[in-house]
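Per-entry structural report
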Amino acid sequence: MSIAPDTTVVLGHRFATELPEVALRWQAEPTPAPRLLVLNESLAIELGLDPAWLRSPDGIGLLVGTRLPAGAQPVAQGYAGHQFGGWVPRLGDGRALLLGELVDTKQRLRDLHLKGSGRTPFARGGDGLAAVGPMLREYLVSEAMHALAIPTTRALSVVATGRAVHRETTLDGAVLARIAASHLRVGSFQYVAAAGDLTVLRRLADHAISRHYPAAARADNPYLALLESVIAAQAELIARWMLVGFIHGVMNTDNMTISAETIDYGPCAFMDAFDPKTVFSSIDSSGRYAYGNQPAIAAWNLARFAEALLPLIADDQEHAVTLATAALQDFSKLHTASWSAGMRAKLGLGENVEDAVAQHLIEELLELLESERVDYTSFFRRLSRGTVEPAFGTWAARWRTLDPDLASMQRVNPVYIPRNHLVEETLAAATAGDMEPFNRLLTVISSPYDERSGFERYADPAPDEFGRCFQTFCGT
Ligand code: AMP
Ligand code: MG
């Protein structure tokens, strides 16, 4: 006799209850013909959800927001943001909904959120919809980031809706179910701060502290401690992006989380040849969000976060500015420390190697990588097998004298990343109805350090003609 799985899903509404001022009660649009394209079974289990049930009509109904458990209070979240440096006072979830919070099997509170679930009062001119291709893209890249041990929101599922979405062409609509530690953004604080009600701002900050940085509550100045905690966590996050060659592409303040999880995979991409000026996004013509600019942009965004928090940091605003400025000045030191430690690990350098020696070696390597236009990811993997191209011979001879640990290098230098040409190829197949290439790519990027025979082409750089003109698109 089989025991029926417990399909009771409990969706909390802590955010909606604690912050009604920025939580607009709303419903997902009906989906004419929902069809599950991909389900993250291991994540479902981690969340205490039964994968078999999620594949049933009721389960799919949850994944598109049309069949919710009793007591659920789905909301569109309000937020503001600086987009490409320009202030936008009202953004918010135009095509997204926070369905509620789940308590996972490790007792952590996780947001269940939908993207592409229809227009909300924040939609402005948008249609509230998302297409299959971009939602599968977010699924693939966020899962790759997770497998690379980089903090990120996760993808639980993509469901094709059966609704047509009109872009340059007519596309199939889709809803992505996303899991996050929370959806609080720098822009959430900017939105509340701009409204000028200090009690709401304090409630938002207390909510963030309780969910993400509980130790800050015990500090002498909890709101300064919140700022310092976010600065430290973001400094580390951006270092991890840089170490794997990840380019977010649209680091607006509304796309930067307080939890320091990577969020909103739009025009993101992994760099091929090492070049700090690399930009893929079609809308980033000035290169504001280029690979090499990411640390400086993160620091700029954190300064906007600090501004929003100023009234809570001290009553005397001059004093608050002094405290916040000191906290912001730590970003660069923290970021560089994380990045240097990560680079030492990529090069297999032990603790016996002096910092000055390591730093010099790293600087020379970056110069060589840039001038030789070498593929960033595969260079480090080859190095972990002890081989390099001739142009790196002199450099490598010095590196070898430091007795690098090749085995440890193979645990931190990935073989497989979601390379742009592979992502495009799998999305083209998926939108034509063939999920097989997507599933194959998902398999390799989910175990990025394990070399597999038969998957050699997934480790290779893009053919030259692909890399030169590749562009990614935002908001599609
Ligand atoms: P993003 O660039 O995806 O971070 O989105 C920026 C803002 O535009 C957010 O407020 C989104 O909710 C909104 N937005 C993006 N695409 C759409 C759409 N198709 N319909 C409604 N709102 C959208
Ligand atoms: Mg966004």
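All chains use their own residue numbering, which begins from 1 and follows the written sequence. Working convention: letters from A go to chains and numbers from 1 go to ligands, in the order in which they are written. Totals for whole chains, interfaces and linings use every residue, but because this is a predicted model, local features are given only for residues with pLDDT of at least 70 and side-chain atom pairs only at 80 or more, for both listing and counting. Think of the side-chain values as coming from all heavy atoms in the structure, minus any hydrogens and water.

Stated precisely, the cut-off is as follows: UniProt positions are given in the numbering used here, feature names are shortened, and annotations may be inferred rather than shown by experiment.
For the protein, an unreviewed UniProt entry supplies the name Protein nucleotidyltransferase YdiU and the organism Mycolicibacterium sphagni. In its Function (unreviewed entry) section, UniProt records this for the protein: "Nucleotidyltransferase involved in the post-translational modification of proteins. It can catalyze the addition of adenosine monophosphate (AMP) or uridine monophosphate (UMP) to a protein, resulting in modifications known as AMPylation and UMPylation."

1. Description of the UniProt feature "active site" (unreviewed entry) in the protein
Which entries qualify depends on this criterion: Note on contacts: a residue pair qualifies if any of its non-hydrogen atoms lie within 4.5 Å across the two residues.
Using the residue numbers shown here, the UniProt feature "active site" (unreviewed entry) corresponds to D254. The contacts of D254, once residues within four sequence positions are left out, are Y79, A80, G81, H82, Q83, L91, R185 and G187.

2. Things to note about the confidence of the model for the protein
In plain terms, the rule: Predictor confidence is given residue by residue as pLDDT, running from a minimum of 0 to a maximum of 100. Secondary structure is summarised from DSSP: a helix means a run of H or I of at least four residues, a strand means a run of E of at least two, and numbering begins at the N terminus for each.
Residues of the protein with pLDDT of at least 70 account for 97%, and the chain-wide mean is 96. Of all secondary-structure elements in the protein, the lowest mean pLDDT belongs to helix 18 (residues 464-469), at 67, while helix 8 (residues 222-244) reaches the highest, 99.

3. Description of the site of ligand 1
The cut-off we apply is this: Note on definitions. A residue lies near a molecule or strand when any single heavy atom of the residue is within 4 Å of it. Between N or O atoms, a polar contact is any pair within 3.5 Å; within protein, one atom must be a potential hydrogen donor and the other a potential acceptor, and residues adjacent in sequence are included only when both atoms are from side chains. All accessibility values rest on the Shrake-Rupley procedure with a 1.4 Å probe; residue burial counts only the protein chains present in the view. Ten residues, namely Ala, Val, Leu, Ile, Met, Phe, Trp, Tyr, Cys and Pro, are considered nonpolar, four, namely Asp, Glu, Lys and Arg, are considered charged, and the remaining ones, Gly among them, are considered polar. The start and end points of each domain follow an automatic or database-based domain assignment.
Lining the immediate environment of ligand 1, one finds 17 residues, of which G92, G94, R124, G128 and N255 sit closest. The contact in question runs from a nitrogen atom of ligand 1 to an N or O atom on the backbone of G128, over 2.8 Å. At a separation of 3.1 Å, an oxygen atom of ligand 1 approaches a polar side-chain atom of N255. Calculation on ligand 1 without its partners gives an accessible area of 480 Å², and the protein chains cover 86% of this total. For the shell around ligand 1, a count of residues per class yields 4 nonpolar, 6 polar and 7 charged. Mapping the shell around ligand 1 onto the domain boundaries places at least three of its residues in each of domain 1 (2-180) and domain 2 (186-339).

4. A few points about the domain arrangement of the protein
As a reminder of what qualifies: The buried area of a pairing is the accessible area, by a 1.4 Å probe, that goes missing from both parts when the two are put together, added over both. Take a side-chain nitrogen of Lys or Arg and a carboxyl oxygen of Asp or Glu: if they are within 4 Å of each other, that pair is a salt bridge.
In terms of domain boundaries, the protein breaks down into domain 1 (2-180) and domain 2 (186-339). Listed as interface residues are 37 residues of domain 1 and, on the opposing side, 37 residues of domain 2. Of the roughly 3100 Å² buried between domain 1 and domain 2, counting both surfaces, carbon and sulfur atoms make up 59%. Put simply, domain 1 and domain 2 have 4 salt bridges between them. The partner of E21 in a salt bridge is R203, and the shortest N-O contact between them spans 2.9 Å. Looking at the side of domain 1 that touches domain 2, the elements that each hand over two or more residues are helix 1 (14-18), strand 4 (81-83), strand 7 (109-115), helix 5 (132-147) and strand 9 (170-180). In terms of residues, the side of domain 1 that touches domain 2 owes the most to one element, helix 5, which gives 5 residues. Of the residues belonging to the side of domain 1 that touches domain 2, the class tally is 19 nonpolar, 8 polar and 10 charged.

5. Quick look at the pattern of salt bridges
Selection rule: Each residue's exposure class comes from its accessible area (1.4 Å probe, protein chains only) as a fraction of the maximum for that residue type: buried when under 20%, exposed when over 50%, partly exposed otherwise.
Per the stated rule, a full pass over the model turns up 32 salt bridges. When the shortest N-O distance is used, the salt bridge between R67 and D58 registers 2.5 Å. Of the residues examined, R67 reaches a relative accessible area of 45% and is grouped as partly exposed. A residue is classified by how much of its surface remains accessible, and D58, at 40% relative accessible area, is partly exposed. A cluster of three or more residues bridged by salt bridges with shared partners is formed by K115, E138, R178, R185 and D264.

6. Focus: the environment of A356
Inspection of the secondary structure assignment puts A356 in helix 11 (residues 355-372). Between the C-alpha atoms of A356 and R381, which are 25 residues apart in sequence, the distance is 24 Å.

7. What to know about the pairing of strand 7
What counts, and what does not: A pair of strands is labelled paired if DSSP reports no fewer than 2 bridges between them.
Extensive coverage of strand 7 is indicated by the burial of 6 of its 7 residues. The hairpin formed by strand 6 (residues 96-103) and strand 7 contains 5 residues between the paired strands, and Q107 there has a positive phi angle of roughly 65°. Two strands pair when backbone bridges link them, and strand 7 and strand 9 are joined in this way by 5 bridges, in the antiparallel orientation. If you follow K115 over to strand 9, its bridge partner there is L176.

8. As for helix 16 (residues 436-446)
All of the buried residues along helix 16 are P437, F438, L441, L442, V444 and I445. In this structure, the buried residues of helix 16 make contact with strand 2 (35-39), helix 5, helix 15 (420-431) and helix 17 (456-459).

9. Side note on the coordination of the magnesium ion (ligand 2)
When a metal holds four donors in a tetrahedron, each ideal angle between them is 109.5 degrees; when it holds six in an octahedron, the ideal angles are 90 or 180 degrees. So the rule is basically this: Any N, O or S atom lying within 2.8 Å of the metal counts as a donor, and for Na, K and Ca the limit rises to 3.2 Å; water is left out, so some sites can look incomplete.
Those donors, N255 (OD1) and D264 (OD), are the protein atoms that reach the magnesium ion (ligand 2), and they lie 1.9 to 2.2 Å from it. A relative accessible area of 12% means that N255 is categorised as buried.

10. Let's talk about the UniProt feature "binding site: Mg(2+)" (unreviewed entry) in the protein
Counted only if it meets this: The definitions used throughout rest on a 1 Å grid laid over the protein atoms alone, on which a cavity is an enclosed set of points accommodating a 1.4 Å probe that cannot get out and a pocket is an open set flanked by protein within 12 Å on both sides along at least five of seven lines; lining residues are those having an atom within 4 Å of a point.
Per the UniProt record, the feature "binding site: Mg(2+)" (unreviewed entry) sits at N255 and D264. Among the residues just listed, N255 line the largest cavity. Looking at the element boundaries, N255 is found in the loop between strand 10 (246-247) and strand 11 (269-270). If we skip the residues at most four places from it in the chain, N255 touches R185, H248, V250, I263 and D264. Structurally, D264 can be placed in the loop between strand 10 and strand 11. Since its relative accessible area comes to 14%, D264 is described here as buried. The contacts of D264, once residues within four sequence positions are left out, are K115, R178, R185, H248 and N255.

11. Things to note about helix 13 (residues 393-401)
A turn of α-helix holds 3.6 residues, and therefore any two residues three or four places apart point the same way. Quick note on the threshold: Our arc is simply the arc of the directions from the helix axis toward the C-beta atoms.
Taken residue by residue, helix 13 has W395, A396 and W399 as its buried positions. Along the long axis of helix 13, the arc covered by the buried residues comes to 95°, so they all point the same way. Of the exposed residues in helix 13, those oriented more than 90 degrees away from the buried face are T394 and T401. Here the buried face of helix 13 lies against helix 11, helix 12 (376-383) and helix 14 (406-409). One or two steps after helix 13, the chain reaches D403, where phi turns positive at roughly 60°.

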